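Structural characterization, general
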Amino acid sequence: MKLSLLLLLLLLLIMYSTALSPSIDCGIIGCGPSGLALAHSLLAEGHTVRVFERRDEFRPVGAAVFLHPFALNSLRKVSPKLESQLLEASTRIHTLSFRTLSSGSEGFSFSLENLQDSERVFGAPFVAVRFWDMLKALKIGLPEDIFRFGYQLERYEQHDEGGVTLHFQGKESVDVKYLIDAGGIRSRTREQLLKKNDERIPRLRATFSVVDRDSLSTALSRESSDSRAAETGELAFLAGDNLSVVAMGLDDGGAFWSQTDLGADPFDPIAATDEDLKKKLADDFADFPSGVKALVSATNFEDAIETSVCELPVTWKWGEDDVTLLGDAAHAQLPALGLGVSTAFGDVEEITEQIRRRGLNREALRKYESKRKISCAVLQLMSRGMFYLNGVSANQN
């Protein structure tokens, strides 16, 4: 009788312990590049995953990004198949050109025409990819049931016995064993970790878009016969009169471009209408080459994005207990060196390595943080310095 009672109590204790333990190993905040890559990594290691995204659905977002070879090397170490999927969606960069404009005429310029050798030298190519194409490529192979859309994290609750409860705006709470926030510059996890509203620092006003093939061809035909705009595989930088322009042609015949207005107050209101933005850019580019003006006139301004680009202060605290940060949530930086997504893939590589070696636990999270914090802080400061140098270049009249 006593033995039976003891066995019953033991069974009840096991059932109670199991009920307290979350069935989800890891909750990932953010359905961006790093969040998707991390989901692949954790699933491959046999962990259960939920990806929480504040948007209501998986839909087109962003313009295009530039990826350094080390980004693809990092992705390969996470998953060679994932790297292959991303490369298939990308355009390889073979030339980098830079020109300054002085009173409408060309000033200092240089060109690097052997970037196609980067795969031999660095192990991977320099590439550019539409942001939406990148997300679609990284989502291939992920089960649909791991995603939760329309989930905006409000706060998390760390439990003494381990595990984290995630509280969402207008949604049910979810219990997970570990929380990895890859939600970007708006991270609520970061705010809670640092116990303050770590205010974003606006630095410059930027506009960016992707132009489709037919619109670009029509716009170029209206310009002089020698117009060139965003040659396929050429990453072109132009600077002058407080403006910095980046453009590149893509393999599908379209092109992406971005403009940073170094003279604008980043706190100025965003253009009220598409027509207001189009007129502003036409005025800005009045003295730029006809190929650049063709990019603007070919743009569908419903898809153009005007925003104030911000950075976050360098922080040395990325996590505690069962919680950590990844990507822009940990080290948001200015886009002056094109390092944002590339650095985030480096984070995914390191946290994957630590989890493979130590398991998904606190030790792995702390080791990942210690390995990445210093190098990411250096890159943040380098990007800030390059931002100021770009300002100098754009004002060489």
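These figures come from a predicted structure and were not determined experimentally. (Residues numbered from 1 in each chain as written. Predicted model: local features only at pLDDT ≥ 70, side-chain atom pairs only at ≥ 80, totals over all residues. Heavy atoms only, no water.)

1. Concerning the overall build of the protein
Broken down by element type, the protein carries 13 helices and 18 strands. The proportion of buried residues among the 397 residues of the protein is 49%. The contacts in the protein between residues at least 6 apart in sequence include a share of 71% that link residues at least 24 apart. Just so you have it, the protein exposes about 18800 Å², and 52% of that area is on carbon and sulfur atoms. (Helix = DSSP H or I, 4+ residues; strand = E, 2+ residues; numbered from the N terminus. Buried < 20%, exposed > 50% of the residue type's maximum accessible area, 1.4 Å probe, protein only. Contact = heavy atoms within 4.5 Å. Areas by Shrake-Rupley, 256 points an atom, 1.4 Å probe, with all protein chains shown as cover.)

2. Thoughts on the confidence of the model for the protein
Summary statistics for the protein give a mean pLDDT of 85 and a share of 86% for residues scoring 70 or more. Scored below 50 in pLDDT, residues 12–19 shows zero contacts in the model against residues more than four places distant or in partner chains. (pLDDT = per-residue confidence, 0-100.)

3. A short note on the pairing of strand 9 (residues 153–158)
Each regular strand carries side chains that alternate between the two faces of the sheet. As paired elements, strand 9 and strand 10 (residues 164–168) share five bridges and run antiparallel to each other. The residue bridging leucine 153 from the neighbouring strand is phenylalanine 168, located in strand 10. Linking strand 9 back to strand 10 in an antiparallel pair, the connection comprises five residues, with glycine 162 at a positive phi of about 100°. (Pairing = 2+ DSSP bridges.)

4. Structural notes on the packing of helix 2 (residues 33–44) against helix 12 (residues 340–358)
Close contact between helix 2 and helix 12 brings their axes to 9 Å; oriented N to C, the two are set at 20°. Viewed along their axes, helix 2 and helix 12 adopt a mutual orientation that is roughly parallel. Read as a crossing pair, helix 2 and helix 12 show a hand that is right-handed. Contacts between helix 2 and helix 12 involve Pro33, Ser34, Ala37, Leu38, Ser41 and Leu42 from the former and Val341, Ala344, Phe345, Val348, Ile351, Thr352 and Ile355 from the latter. (Axes fitted to C-alpha atoms, helices over the stretch in contact; angles between N-to-C directions. Parallel < 35°, antiparallel > 145°, perpendicular 65-115°, else oblique. Left-handed = near helix turned anticlockwise from the far one by under 90°.)

5. Examining the nonpolar core
Within the largest apolar cluster, 62 residues are counted, with the highest numbers of intra-cluster contacts made by Leu67, Met134, Leu166 and Phe345. When residues no more than four places from it in sequence are discounted, the contact partners of methionine 134 are Pro33, Val65, Leu67, Leu86, Val129, Val341 and Phe345. Counting residues in hydrophobic clusters, the runner-up holds 22 residues, among them Ala219, Trp257, Ala298 and Ala304. (Core = buried A, V, L, I, M, F, W, Y, C linked by side-chain atoms within 4.5 Å.)

6. Re the packing of aromatic side chains
As enumerated under the stated definition, the model contains ten aromatic pairs in all. With centroids separated by 4.8 Å and ring planes inclined at 35°, the aromatic side chains of phenylalanine 52 and phenylalanine 168 adopt a geometry described as tilted. Here phenylalanine 168 lies in strand 10 and phenylalanine 52 lies in strand 2 (residues 49–53), a separation of 116 residues in the sequence. One exposure class covers both phenylalanine 52 and phenylalanine 168, and it is buried. Aromatic side chains phenylalanine 122 and phenylalanine 126 sit 6.2 Å apart centroid to centroid with 85° between the ring planes, which places their arrangement in the edge-to-face category. According to the relative accessible area criterion, phenylalanine 126 is buried, its value standing at 14%. (Phe/Tyr/Trp six-rings, centres within 6.5 Å; stacked < 30°, edge-to-face > 60°.)

7. Let's talk about the side chain of arginine 190
Checked against the element boundaries, arginine 190 lands in helix 7 (residues 188–194). Within polar-contact distance, the side chain of arginine 190 engages the backbone oxygen of alanine 329 at 3.1 Å. (Polar contact = N/O pair within 3.5 Å; in protein donor to acceptor, adjacent residues only side chain to side chain.)

8. Thoughts on the sheet that holds strand 3 (residues 64–67)
Reading across the sheet, the three strands line up as 3-7-4 and stay open at both edges, with antiparallel pairing between neighbours. Strands at the two margins of the open sheet, each flanked by one partner only, are strand 3 and strand 4 (91–92).

9. Remarks on the packing of helix 3 (residues 69–78) against helix 12
Remark: helix 3 packs on helix 12, axes separated minimally by 8 Å, with the N-to-C direction vectors making an angle of 25°. Classified by the angle between their axes, helix 3 and helix 12 sit roughly parallel to one another. By crossing handedness, the relation of helix 3 to helix 12 is classed as left-handed. Residue-level contacts link Phe70, Ala71, Ser74, Leu75, Lys77 and Val78 of helix 3 to Ser342, Thr343, Phe345, Gly346, Val348, Glu349, Thr352 and Arg356 of helix 12. Split by residue class, the contact of helix 3 with helix 12 holds six nonpolar, five polar and three charged. (Nonpolar A, V, L, I, M, F, W, Y, C, P; charged D, E, K, R; others polar.)

10. Re the pairing of strand 1 (residues 24–29)
In terms of burial, strand 1 is a largely internal element, six of the six residues being buried. Pairing analysis gives four bridges linking strand 1 to strand 2, with the strands arranged parallel. Looking at the pairing, isoleucine 29 lines up with phenylalanine 52 of strand 2. What joins strand 1 to strand 2 is helix 2, and the crossover it makes is right-handed. (Right-handed = clockwise from strand over helix to strand, strands pointing away.)

11. Thoughts on helix 2
In a regular helix each residue adds 1.5 Å, so twelve residues correspond to 16 Å; helix 2 covers 17 Å between its end C-alpha atoms and thus fits that length. Across the twelve residues that make up helix 2, a large majority, ten, are buried. Among all positions of helix 2, only Pro33, Ser34, Gly35, Leu36, Ala37, Leu38, Ala39, His40, Ser41 and Leu42 are buried. Looking at the residues trailing helix 2, positive phi occurs at glycine 46, about 90°. (Expected span 1.5 Å × (residues − 1).)

12. Remarks on the pattern of salt bridges
Counting across every chain of the model gives 22 salt bridges. A salt bridge links aspartate 133 to arginine 130, with the nearest nitrogen and oxygen atoms 3.9 Å apart. Its salt-bridge partner being glutamate 306, residue arginine 205 comes within 3.4 Å of it at the nearest N-O pair. Pair noted here: arginine 205 is in strand 12 (residues 201–211) and glutamate 306 is in strand 16 (residues 305–311), with a separation of 101 residues, a long-range link. No difference in accessibility class separates arginine 205 from glutamate 306, as the two residues are buried. (Salt bridge = Lys/Arg side-chain N within 4 Å of Asp/Glu carboxyl O.)

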